[in-house]
Amino acid sequence: MNETYNQKLKKNSQKLRKNMTKEERHLWFDFLKGLKYTIKRQQIIGNYIVDFYCASKKIVIELDGSQHYEADGINSDTRRDEYLNSIGIKVLRYSNYDINKNFIAVCEDILKNMECSNE
């Protein structure tokens, strides 16, 4: 991976992998893990840890809990998305509500984006 890597985030990313949210576990075990693409969980990219990353498709998948809809969360997510976009990575965001209530639609959207992206 050519992106800069913040070694200081390694322990935190390992901890987040071991302690996935209910929604992250659902998406990972019931969909992402079975895809033909390699997906990494809690991947460090620059100064950020992203929920899921497919390097071959340059796609990040983020699951947003309620904190992401508060002013600080919105600002932080905007900066993160701008950085990721600037290095050629597309960010797909889904709310925890969508994972819980519209799981099939989320999976279809992710698959559509994966298939439309260049390998």
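Calculation criteria
- Residues numbered from 1 in each chain as written.
- Predicted model: local features only at pLDDT ≥ 70, side-chain atom pairs only at ≥ 80, totals over all residues.
- Heavy atoms only, no water.
- Helix = DSSP H or I, 4+ residues; strand = E, 2+ residues; numbered from the N terminus.
- Contact = heavy atoms within 4.5 Å.
- Areas by Shrake-Rupley, 256 points an atom, 1.4 Å probe, with all protein chains shown as cover.
- Phe/Tyr/Trp six-rings, centres within 6.5 Å; stacked < 30°, edge-to-face > 60°.
- Lys NZ or Arg CZ within 6 Å of the ring centre and 35° of its normal.
- Core = buried A, V, L, I, M, F, W, Y, C linked by side-chain atoms within 4.5 Å.
- Buried < 20%, exposed > 50% of the residue type's maximum accessible area, 1.4 Å probe, protein only.
- Pairing = 2+ DSSP bridges.

Caption draft 1: Quick peek at the overall build of the chain. Each helix and strand counted, the chain has five helices and four strands in total. For the chain, the α and β elements follow one another from N to C terminus as α-α-β-β-β-α-β-α-α. Restricting the contact set of the chain to residue pairs at least 6 apart, pairs at least 24 apart contribute 65%. On the chain, roughly 7200 Å² of surface is accessible, and the fraction owed to carbon and sulfur atoms is 48%.

Caption draft 2: Quick look at the packing of aromatic side chains. For the structure shown, the criterion picks out two aromatic pairs. Measuring from ring centre to ring centre gives 5.7 Å for Tyr48 and Tyr83, while their planes differ by 40°; the resulting arrangement is tilted. Within this pair, whereas Tyr48 is found in strand β2 (residues 48-54), its partner Tyr83 is found in helix α3 (residues 71-86), the two being separated by 35 residues in sequence. Here Arg41 stacks its cationic end above the ring of Trp28, 5.1 Å away from the centre of that ring.

Caption draft 3: Quick look at the nonpolar core. In this structure, Leu27, Leu32, Ile61 and Ile110 are the most contacted members of the largest nonpolar core, which totals 21 residues. At the level of elements, α2 (22-30), β2, β3 (59-64), β4 (90-95) and α5 (103-116) are the ones that each hand at least two residues to this core. Broken down by element, this core gets its largest block of residues, five residues, from α5. Core analysis: the second largest hydrophobic core is formed by seven residues, Ile45, Val50, Val60 and Leu84 among them.

Caption draft 4: Representation of the pairing of strand β1 (residues 40-45). Where β1 meets β2, five bridges bridge the pair, whose relative direction is antiparallel. Residue Lys40 lies in a different strand from β2, and its bridge partner there is Tyr53.

Caption draft 5: The arrangement of the environment of Lys58 in detail. Inspection of the secondary structure puts Lys58 in the loop between β2 and β3. Separated by 59 residues in the primary sequence, Lys58 and Ser117 place their C-alpha atoms 8.0 Å from one another.

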